[in-house]
Amino acid sequence: MDRFVTSIVPPVRPWQTATVVGVRRETPNAKTFQLMLPGPHEFLAGQHFIVRLMAADGYRAQRAYSAASAPGAEPLEITVELLAGGEVSTFLHGGVEVGDTVEVRGPIGGHFTWQVSEPILGIAGGSGIVPLMSMLRAARAAGREELVTLVVSTRTPRELYYTLELAGPQTTVVYTREAPAGHPRAVGRLTDADLAAVVRPGQLPFVCGSPAFCDAATMLLDGLGVPSRHIRVERFGPSG
Ligand SMILES: Cc1cc2nc3c(=O)[nH]c(=O)nc-3n(C[C@H](O)[C@H](O)[C@H](O)COP(=O)(O)OP(=O)(O)OC[C@H]3O[C@@H](n4cnc5c(N)ncnc54)[C@H](O)[C@@H]3O)c2cc1C
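Residues numbered from 1 in each chain as written. Predicted model: local features only at pLDDT ≥ 70, side-chain atom pairs only at ≥ 80, totals over all residues. Heavy atoms only, no water.

Trainee: Looking at this structure, how should I read helix H2 (residues 129-141)?
Mentor: In an α-helix, one turn spans 3.6 residues; hence positions three or four apart end up facing the same way. Helix length check: H2, at 13 residues, gives a terminal C-alpha distance of 18 Å against a target of 18 Å (1.5 Å per residue), a fit within 8%. Burial of H2 is extensive: 11 of the 13 residues sit out of reach of the surface. Looking one or two residues beyond H2, the residue adopting positive phi is Gly143, at roughly 70 degrees. (Helix = DSSP H or I, 4+ residues; strand = E, 2+ residues; numbered from the N terminus. Expected span 1.5 Å × (residues − 1). Buried < 20%, exposed > 50% of the residue type's maximum accessible area, 1.4 Å probe, protein only.)

Take a look at the structure:
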């Protein structure tokens, strides 16, 4: 028997110069950027790319952004939340237009991925909906929408990403500060009751958002009997 186990290391993808071919406003603080990449960039729903900005003096800054579009759909889409004082998100929002170029590398990430196979429960806070939107779009493209259940937490209706596309029987929206008139749920943070209504045996749970949101959602799932080791978590904390 072989003494050493061979591990398969995914190849490091090279940087590519992507052209911005579209910019779409999702909310007052979020924009979707459509990127055309010249080379291969096949990805799985849930993976992310690194976007690098380069100044004329050689200064560079890079951040991770999840794919929002479905695998195989062109152009690649990312959705970026504008963070007050944020270096890269501020530049992308204020200084990047159609025809501009950015450096992109990826895809990256092997844990937070889904291939339209088993049923999933996606729980998102704010911009954490981005990789889960890729999963929903992938499911719809495959005609397997019934595999996806989403719970999306957002402060107000104005801050909800992809509002029209998200609507459907598989999506529950939790408004934490202000809800639209007639919304059936009272305003407030995500609770175990919200999740108890949608947790089913056999679902693969995905949680994405700020580190605090991810910790809270994971604890709620744990309390409902979903072992935290089974939960796939993507924390949108500071990256570099
Ligand atoms: C795997 C991964 C995927 C990601 N995908 C997305 C995505 O799809 N869309 C998206 O908008 N962001 C995403 N992010 C976050 C993104 O990488 C940046 O962290 C974010 O855009 C802020 O970068 P910045 O340069 O504007 O802010 P910075 O200049 O890095 O930070 C400015 C201030 O904001 C704080 N801060 C940094 N990042 C965050 C954050 N995410 N939330 C709250 N405060 C923060 C910093 O601590 C600092 O105080 C992802 C992060 C990871 C790790």
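Here the narrative resumes, following the displayed structure.
Trainee: Before we go on, may I ask you to explain the pattern of salt bridges in this structure?
Mentor: Summed over the entire model, instances satisfying the criterion amount to 12 salt bridges. Asp215 is the salt-bridge partner of Arg235, the closest N and O atoms lying 2.6 Å from each other. Placement of the pair is Arg235 in strand S11 (residues 232-235) and Asp215 in helix H5 (residues 211-223), with a sequence separation of 20 residues. Given a relative accessible area of 45%, Arg235 falls into the partly exposed group. Residue Asp215 is classed as partly exposed on the basis of its relative accessible area, which comes to 37%. Three or more residues are tied together by salt bridges with common partners; here these are Arg24, Glu26, Glu77, Arg137 and Glu165. (Salt bridge = Lys/Arg side-chain N within 4 Å of Asp/Glu carboxyl O.)

Trainee: Just to check I follow, could you spell out the domain arrangement of the protein chain for this structure?
Mentor: Where interface size is quoted, it is often the accessible area lost as the parts come together. According to the domain assignment, the protein chain contains domain 1 (16-108) and domain 2 (120-235). Computed from C-alpha atoms alone, the centre-to-centre distance between domain 1 and domain 2 is 24 Å. Contacts between domain 1 and domain 2 engage 19 residues on the former and 14 residues on the latter. Carbon and sulfur atoms supply 55% of the area that domain 1 and domain 2 bury against each other, a total of about 1200 Å² over both sides. Three residues, Thr27, Ala68 and Glu81, lead the burial of domain 1 against domain 2; their summed loss comes to 28% of the area buried on that side. Joining domain 1 to domain 2, the criterion identifies one salt bridge. Taking the shortest distance from any N to any O, the salt bridge between Glu77 and Arg137 comes out at 3.8 Å. Remark: the boundary between domain 1 and domain 2 carries five residue pairs in polar contact (both at pLDDT 80 or more). Among the secondary structure elements, those contributing two or more residues to the side of domain 1 that touches domain 2 are strand S1 (16-27), strand S2 (30-36) and strand S5 (76-81). For the side of domain 1 that touches domain 2, the per-class residue count stands at eight nonpolar, seven polar and four charged. (Domains from an automatic or database assignment. Contact = heavy atoms within 4.5 Å. Buried area = accessible area lost by both parts, 1.4 Å probe. Polar contact = N/O pair within 3.5 Å; in protein donor to acceptor, adjacent residues only side chain to side chain. Nonpolar A, V, L, I, M, F, W, Y, C, P; charged D, E, K, R; others polar.)

Trainee: Can you walk me through the sheet that holds strand S9 (residues 171-175) in this structure?
Mentor: Strands in a sheet are paired, the pairing made by backbone hydrogen bonds, and the direction either parallel or antiparallel. If you trace the five strands from one edge of the open sheet to the other, you get S9-S8-S7-S10-S11, paired in parallel fashion. Only two strands of the sheet have a single neighbouring strand rather than two, namely S9 and S11. Each neighbouring strand pair of the sheet contributes to a mean axis angle of 10 degrees, computed without reference to strand direction. Its contacts with the sheet put H2 on strand S7 (120-125), strand S8 (148-154) and strand S10 (204-209), and the angle it makes with S8 is roughly 150 degrees. Sheet strands touched by H5: S7, S8, S10 and S11. Its angle to S10, the strand with the most contacts, is close to 155 degrees. (Pairing = 2+ DSSP bridges. Axes fitted to C-alpha atoms, helices over the stretch in contact; angles between N-to-C directions.)

Trainee: Sorry, what's going on with the state of the cysteines here?
Mentor: Where two cysteines share a covalent bond between their sulfur atoms, that bond is called a disulfide. Considering all chains together, one arrives at zero disulfides under this definition. Free of any disulfide, Cys214 has its nearest cysteine sulfur in Cys208, 5.9 Å distant. (Disulfide = S-S within 2.5 Å.)

Trainee: What should I look at first to understand the sheet that holds strand S4 (residues 60-66) in this one?
Mentor: Judged by pairing direction, the sheet is antiparallel, and its six strands sit side by side in the order S4-S3-S6-S1-S2-S5 without closing on themselves. The sheet is open, and its two edges are formed by S4 and S5, each paired on a single side. Across the sheet, the axes of successive neighbouring strands diverge by a mean angle of 40 degrees, strand direction being ignored. Sheet topology note: the strand S3 (residues 48-54)/S4 ladder contains seven bridges and is antiparallel. Looking at S4, one finds that Phe49 is bridged to Tyr65. Most of the contacts of helix H1 (residues 87-95) go to S4, to which it runs at about 80 degrees, and overall it touches S2, S3, S4, S5 and strand S6 (101-108).

Trainee: Would you mind showing me how to read unusual backbone geometry here?
Mentor: Peptide bonds are trans in most cases, and residues, glycine excluded, mostly fall at negative phi. For the bond from Glu74 to Pro75, the omega torsion is -5 degrees, close enough to zero to count as cis. Mapped onto the elements of the fold, Pro75 is located in the loop between S4 and S5. Of note, the bond from Gly106 into Pro107 is cis; its omega dihedral lies within 30 degrees of zero at 10 degrees. Tracing the sequence through the fold places Pro107 in strand S6.

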